[in-house]
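# Examining the three-dimensional arrangement
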Amino acid sequence: MSSDVIVIGGGIAGLAAAWELLRSGATVTVLERNLCGQEASWAGAGILSPLLPWDYPEAVTQLTQFSARLFPRFVEALQAETGIDPEYQASGMLVLPDSSSQACVEPETFAKCNRMLLARRWCARHAIPVQEVQSSRMAPSLRRDTAALWLPEVCQVRNPRLLRALIKAVKALGGKVVEHAEVAGWKIERGYVQSINTITGESHSAGQYVVAAGAWSRRLLAGHAAALDVWPVRGQILLFKVRPGLLEPIVLDERNNFYLIPRRDGHILAGSTLEEAGFDKSTTHEARETLLARAQALVPVLAEGTIIAHWAGLRPASPRNIPAISVHPAISNLYLNSGHYRYGVTMAPGSAQLIANMILDKLQPLDVTPYQWPV
């Protein structure tokens with residue numbers, strides 16, 4: 001039996017979209033090429049904010065701020081439905097600015113301003129609380145005691161737990177989840193998808209189709225990708241285990257674009273790399289050594305003996321970090337929700353609402369023009 005919507009991709013973008021559609025009364029099938037929630041969404045760190053939000057275009061700011069407003073109810077509903085706690089919390093983010101760098105936004109206005117001034121002005125324009133503090137005040141375990149920016153409202157979530165909750169919630173609402181179902185071909189006639197085939201030989205049909213396959217989206221669409229520009233960028237992360245409470249806020253070192261994210265139970269994530277490595281998800285010794293050195297430079301306790309894991313994921317990169325959340329320009333029942341690059345989890349509830357509104361022909365809460373499928 002066919003569904004109202006087939007979502008291709010069982011990561012955060014696909015699962016959140018499926019859940020949103022199911023809650024609106026649609027029947028949904030999720031097709032995942034591997035196992036749901038095991039690619040970039042799982043590998044990510046879970047910061048619910050762009051790392052340096054003042055360096056991004058307004059299209060990114062609009063979507064991340066919209067999504068941030070949705071997140072409390074998003075995780076509250078998931079936890080109520082599934083009993084799984086995604087560990088959503090406002091841990092705040094301490095930014096250690098690189099005083100040697102010049103402003104990279106609105107250079108005609110800010111070229112002579114330092115980074116902290118740029119950030120404070122940006123935060124004021126977007127109603128985001130920010131303070132200038134000494135880093136030791138917020139994070140005594142840091143080796144560096146320097147002037148820093150404190151963003152108290154930046155939140156985080158524990159990605160694997162959020163994904164487990166979404167999978168359970170989708171199934172609980174009657175969503176069909178089919179794993180190991182890589183799409184092998186499309187049957188398209190007169191600008192309309194009739195059905196798709198998987199590598200197992202099965203055929204699936206629906207009224208609407210959403211491609212949310214992350215870094216694999218362009219490859220999956222094959223000759224139907226139009227001008228879509230999404231490609232894989234590898235990111236590697238180290239996981240440390242120390243005593244709980246050693247580090248409380250998220251710490252971002254702007255100089256190396258490097259972050260530390262503390263969890264409640266004493267785990268600390270350190271990352272991440274940005275590598276053009278195609279679809280190679282392997283970890284490297286070089287990245288491990290670089291991440292370890294940067295972690296120890298900030299918090300000396302983060303030594304080799306406290307490392308418990310090292311992994312890599314493939315982000316769906318896109319020009320200027322702006323995702324495509326849109327209907328195909330020539331295929332009327334084919335939609336895309338991909339290209340979120342580093343902020344797939346951050347943008348998940350907002351993107352899910354936008355794509356669901358398109359499919360269900362509802363009014364949008366914001367201007368979706370910046371996220372149109374490129375033509």
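Residues numbered from 1 in each chain as written. Predicted model: local features only at pLDDT ≥ 70, side-chain atom pairs only at ≥ 80, totals over all residues. Heavy atoms only, no water.

### Details of the sheet that holds strand β12 (residues 250-253)
- Strand order in the open sheet formed by eight strands is β4-β5-β3-β12-β13-β14-β11-β15, with mixed pairing between adjacent strands. Every interior strand has two partners, whereas the edge strands, β4 (131-134) and β15 (307-317), have only one. Geometrically, the sheet is characterised by an average inter-axis angle of 25 degrees between neighbouring strands, direction not taken into account.
- Of the strand pairs in this sheet, β4 and strand β5 (residues 147-151) are connected by four bridges, and their pairing is antiparallel. (Pairing = 2+ DSSP bridges. Helix = DSSP H or I, 4+ residues; strand = E, 2+ residues; numbered from the N terminus. Axes fitted to C-alpha atoms, helices over the stretch in contact; angles between N-to-C directions.)

### Brief notes about the packing of helix α3 (residues 58-82) against helix α10 (residues 344-360)
- Where α3 contacts α10, the two axes come as close as 7 Å, and the packing angle between them is 90 degrees. Taken together, α3 and α10 sit at an angle that is classed as roughly perpendicular. Only Val345, Thr346, Met347, Ala348, Pro349, Gly350, Ser351, Gln353 and Leu354 of α10 make contact with α3, whose side of the interface consists of Val60, Leu63, Thr64, Phe66, Ser67, Leu70, Phe71 and Phe74.
- In the contact of α3 with α10, the residues fall into 11 nonpolar, six polar and no charged. (Parallel < 35°, antiparallel > 145°, perpendicular 65-115°, else oblique. Contact = heavy atoms within 4.5 Å. Nonpolar A, V, L, I, M, F, W, Y, C, P; charged D, E, K, R; others polar.)

### Concerning the pairing of β5
- Among the five residues of β5, four are classified as buried, and the element is accordingly described as predominantly covered.
- With three bridges joining them, strand β3 (residues 93-96) and β5 adopt antiparallel strand pairing. Opposite Val95, over in β5, you have Leu149 as the bridge partner. (Buried < 20%, exposed > 50% of the residue type's maximum accessible area, 1.4 Å probe, protein only.)

### Overview of empty space enclosed by the protein
- Enumeration over the complete set of coordinates arrives at one cavity of 30 Å³ or more.
- By volume, the largest cavity amounts to about 30 Å³.
- Forming the boundary of the largest cavity are Val242, Arg243, Gly245, Leu246, Leu247, Pro262, Arg263, Gly266, His267 and Ile268. (1 Å grid on protein atoms, 1.4 Å probe; cavity = no way out; pocket = protein on both sides within 12 Å on 5 of 7 lines; lining within 4 Å. Points joined across faces, edges and corners; volume = space filled by probe spheres on them.)

### Overview of the layout of surface pockets
- For the second largest pocket, the calculated volume is near 410 Å³.
- Along its surface, the second largest pocket is lined by 19 residues, and Leu48, Gln65, Ala68, Ile128 and Glu153 are the ones closest to its centre.
- No other element matches α3, which puts six residues into the lining of the second largest pocket.
- Of the residues in the lining of the second largest pocket, the class split is 13 nonpolar, four polar and two charged.

### Regarding the nonpolar core
- With 77 residues, the main nonpolar core has Val28, Trp54, Phe74, Leu162 and Tyr371 as its most contacted residues.
- Discounting chain neighbours no more than four positions away, the residues touching Tyr371 are Ala59, Gln62, Leu63, Ile322, Pro323, Ala324, Ile325, Ser326, Leu354 and Leu366.
- Ranked by size, the runner-up nonpolar core spans 26 residues in total, among them Ala206, Ala213, Leu220 and Leu336. (Core = buried A, V, L, I, M, F, W, Y, C linked by side-chain atoms within 4.5 Å.)

### Quick look at helix α9 (residues 285-298)
- Across its 14 residues, α9 extends 20 Å between first and last C-alpha, which sits within 8% of the 20 Å expected from 1.5 Å per residue.
- At its buried positions, α9 is contacted by β3, β11 (231-241), β12, β13 (258-262), β14 (267-271) and β15. (Expected span 1.5 Å × (residues − 1).)

### Focus: the environment of Gly92
- Secondary-structure assignment places Gly92 in the loop between α3 and β3.
- Accessibility expressed as a relative area gives 0% for Gly92, which makes it buried.
- Residues Gly92 and Ile250 lie 158 residues apart in sequence; the distance between their C-alpha atoms is 6.1 Å.
- The residues contacting Gly92, other than those within four sequence positions of it, are Trp150, Leu151, Pro152, Val154, Pro249 and Ile250.

### Considerations on the packing of aromatic side chains
- With the rule as written, the count across this model stands at eight aromatic pairs.
- When the centroid spacing of 5.9 Å and the interplanar angle of 5 degrees are considered together, the rings of Phe71 and Tyr88 count as stacked. You can see Phe71 sitting in helix α3 and its partner Tyr88 sitting in the loop between α3 and β3, a full 17 residues away along the chain.
- With a relative accessible area of 1%, Phe71 lands in the buried category.
- Relative to Phe279, the ring of Trp216 lies with its centre 5.5 Å away and its plane at 45 degrees, an arrangement referred to as tilted. In this pair, Trp216 is assigned in the loop between β10 (206-211) and α8 (217-221) and Phe279 in the loop between β14 and α9, connecting sequence segments 63 residues apart.
- By the ring-pair criterion, three or more aromatic residues cluster together here, those being Trp19, Phe71, Phe74 and Tyr88.
- Here the guanidinium or amino end of Arg219 rests over the ring plane of Phe279, the centre of that ring lying 3.9 Å away. (Phe/Tyr/Trp six-rings, centres within 6.5 Å; stacked < 30°, edge-to-face > 60°. Lys NZ or Arg CZ within 6 Å of the ring centre and 35° of its normal.)

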